[in-house]
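Examining the three-dimensional arrangement
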Amino acid sequence: MNTFKKPTTAHLIGTEGRGSQENFRARRRSFRTLHEEACFVIPNPWDIGSARYLQHLGFPALATTSAGFAFSQGLPDSEVALTCERNLAYIAEIAGGVDVPVNADFASGYGESPRDVADNVTRCIATGVAGLSIEDATGDPTSPLYELPLAVERVRAAREAIDQSRADVLLTARAECFLVGHHDALRESVRRLQAFSEAGADVLFAPGPHDPTAIKALVEAVRPKPINVLVVRDSGLSVADIAALGVRRISVGGALALAAWTGFTRAAQKLKSEGSFAGFASLVPYADINGFFVTDYRIRQSDGRRSRAGRSHLLSKASDV
């Protein structure tokens, strides 16, 4: 039974205006425009703090990360552990806590049938996202990808759910061939992405390749629709290099969360095994991080007061009519 209720953002200090439908509509328009222009980086925060900081740095959009969030909750990155309800609550928190468009990492849509995918996509749209992605991975190691006809129907169902919602949400369709170890990953990714494009996907995504030749082949296969490239390691390519291949969007998945975990685990292991505090060398000063959040908190408080004052003014005018 569908017991999920759309989370509110009232518990987030100063987010009343951020969570308004008017703001979500504006962000959706902005997100679509980003894909029509030059290449941009869409980093993946795992909580409100990391999201607020990435926004502060000036990134024009953010994307959720199932891996980063799952790890922060003490869970593995799987749809069994990170349930649909839990992921939706996280997505809603990020979308309601920032001022920029948010794309949802929505795994495989938390359902096998096209109808289940459509129902869950409708629930994801209600969180205020500007975009969402659907994978073609089954989670079953013996048959890791949905057969293409069913995979296409699942994308088509997601497209229809978005259209019926009348929300201008971008649909990203993912071919997981590289990640599941398909024997001919590039060829199969091209076949699937082209089919997903025909089924109504706005953005295409085949996570895995870092080789410029493979990336260029994916770009050409679905042109003029935009391609998202995932970068989770230092491959030697810069943002400019990837943009020159024709890529429109670059995400980093759980890499920023892993960067945080890398510093934490190495410092903790050194403290336990060696009794050494060497892992605390070169830390960002407490005053810098706390200072950022002090300023950010004040901005959110001020935004909240302006939003409440605006609503009070409108109510006052309405009562005079």
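Predicted, not measured: the structure shown is a model, and the values here were computed from it. (Residues numbered from 1 in each chain as written. Predicted model: local features only at pLDDT ≥ 70, side-chain atom pairs only at ≥ 80, totals over all residues. Heavy atoms only, no water.)

What about the overall build of the protein?
A tally of regular secondary structure across the protein gives 11 helices and 8 strands. Expressed as a percentage of the 321 residues in the protein, the buried residues total 45%. Long-range pairs, those at least 24 residues apart, make up 66% of the contacts in the protein with a sequence separation of at least 6. On the protein, roughly 16000 Å² of surface is accessible, and the fraction owed to carbon and sulfur atoms is 56%. (Helix = DSSP H or I, 4+ residues; strand = E, 2+ residues; numbered from the N terminus. Buried < 20%, exposed > 50% of the residue type's maximum accessible area, 1.4 Å probe, protein only. Contact = heavy atoms within 4.5 Å. Areas by Shrake-Rupley, 256 points an atom, 1.4 Å probe, with all protein chains shown as cover.)

Observations regarding the nonpolar core
Grouped together as the largest cluster of nonpolar side chains are 64 residues, with contacts concentrated most on Val 121, Leu 132, Leu 193 and Phe 196. Element by element, the count of residues in this core is highest for helix 6 (residues 148–165), at 8 residues. Discounting residues that sit within four places of it in the chain, Phe 196 has contacts with Asp 136, Leu 148, Ala 151, Val 152, Val 155, Ala 173, Arg 174, Ala 175, Ala 201 and Leu 204. In terms of nonpolar packing, the next biggest core, distinct from the first, is built from 9 residues, Phe 40, Ile 42, Ala 63 and Val 203 among them. (Core = buried A, V, L, I, M, F, W, Y, C linked by side-chain atoms within 4.5 Å.)

A look at the pattern of salt bridges
Applying the stated criterion across every chain, the model contains 17 salt bridges. Its salt-bridge partner being Asp 163, residue Arg 159 comes within 3.3 Å of it at the nearest N-O pair. Of the two residues, Arg 159 and Asp 163 both sit in helix 6, 4 residues apart, roughly one turn of that helix. For Arg 159, a relative accessible area of 13% corresponds to the buried category. Across the salt bridge formed by Lys 270 and Glu 274, the nearest N and O atoms sit 3.6 Å from each other. Note that Lys 270 and Glu 274 are positioned in helix 10 (residues 255–274) at a spacing of 4 residues, about one turn of the helix. A relative accessible area of 28% means that Lys 270 is categorised as partly exposed. The structure contains a network of salt bridges with shared partners spanning Arg 52, Asp 99, Asp 296 and Arg 300. (Salt bridge = Lys/Arg side-chain N within 4 Å of Asp/Glu carboxyl O.)

What to know about unusual backbone geometry
Here the bond from Arg 223 into Pro 224 is cis, since omega is 15°, no more than 30 degrees from zero. Summarising the element assignment, Pro 224 is placed in the loop between helix 8 (212–222) and strand 7 (227–230). Here Arg 166, not a glycine, exhibits a phi torsion of approximately 60°, which is positive. Counting through the fold element by element, Arg 166 comes out in the loop between helix 6 and strand 5 (170–174).

Some remarks on helix 7 (residues 185–198)
Between its first and last C-alpha atoms helix 7 spans 20 Å; for 14 residues at 1.5 Å apiece the expected length is 20 Å, and the two agree. Where helix 7 is concerned, the buried positions are Ala 185, Glu 188, Ser 189, Val 190, Arg 192, Leu 193, Phe 196 and Ser 197. Those residues of helix 7 that are buried are in contact with helix 6, strand 5, strand 6 (203–205), helix 8 and strand 7. Of the residues flanking the end of helix 7, it is Gly 200, one or two places downstream, whose phi is positive at about 115°. (Expected span 1.5 Å × (residues − 1).)

Regarding the sheet that holds strand 3 (residues 102–105)
Strand order in the open sheet formed by 8 strands is 1-8-7-6-5-4-3-2, with parallel pairing between adjacent strands. Across the chains shown, the open sheet's two edge strands, defined by having one partner strand only, are strand 1 (40–42) and strand 2 (62–63). Strand direction decides the pairing type here: strand 2 and strand 3, joined by 2 bridges, are parallel. When the sheet's bridge partners are listed, Ala 63 is paired in strand 3 with Asn 103. (Pairing = 2+ DSSP bridges.)

Describing the packing of aromatic side chains
Evaluation of the coordinates by the stated rule reveals 7 aromatic pairs. When the centroid spacing of 6.4 Å and the interplanar angle of 75° are considered together, the rings of Phe 31 and Phe 40 count as edge-to-face. For the pair Phe 31 and Phe 40, one class covers both residues: buried. (Phe/Tyr/Trp six-rings, centres within 6.5 Å; stacked < 30°, edge-to-face > 60°.)

Describing the pairing of strand 3
Of the two faces of strand 3, both are covered, the one formed by Val 102 and Ala 104 as well as the one formed by Asn 103 and Asp 105. Traced from strand 3 through helix 5 (residues 114–125) to strand 4 (residues 131–135), the parallel crossover comes out right-handed. (Right-handed = clockwise from strand over helix to strand, strands pointing away.)

Observations concerning the packing of helix 5 against helix 6
For the pair helix 5 and helix 6, the least separation of the axes is 8 Å and the interaxial angle reads 40°. For the crossing formed where helix 5 meets helix 6, the hand is right-handed. Residues Pro 114, Val 117, Ala 118, Val 121, Thr 122 and Ile 125 of helix 5 pack against Leu 150, Glu 153, Arg 154, Ala 157, Ala 158, Ala 161, Ile 162 and Ser 165 of helix 6. Taken together, the residues of the contact of helix 5 with helix 6 sort by class into 10 nonpolar, 2 polar and 2 charged. (Axes fitted to C-alpha atoms, helices over the stretch in contact; angles between N-to-C directions. Left-handed = near helix turned anticlockwise from the far one by under 90°. Nonpolar A, V, L, I, M, F, W, Y, C, P; charged D, E, K, R; others polar.)

Note that all results are geometric; they support no functional claim without further evidence.
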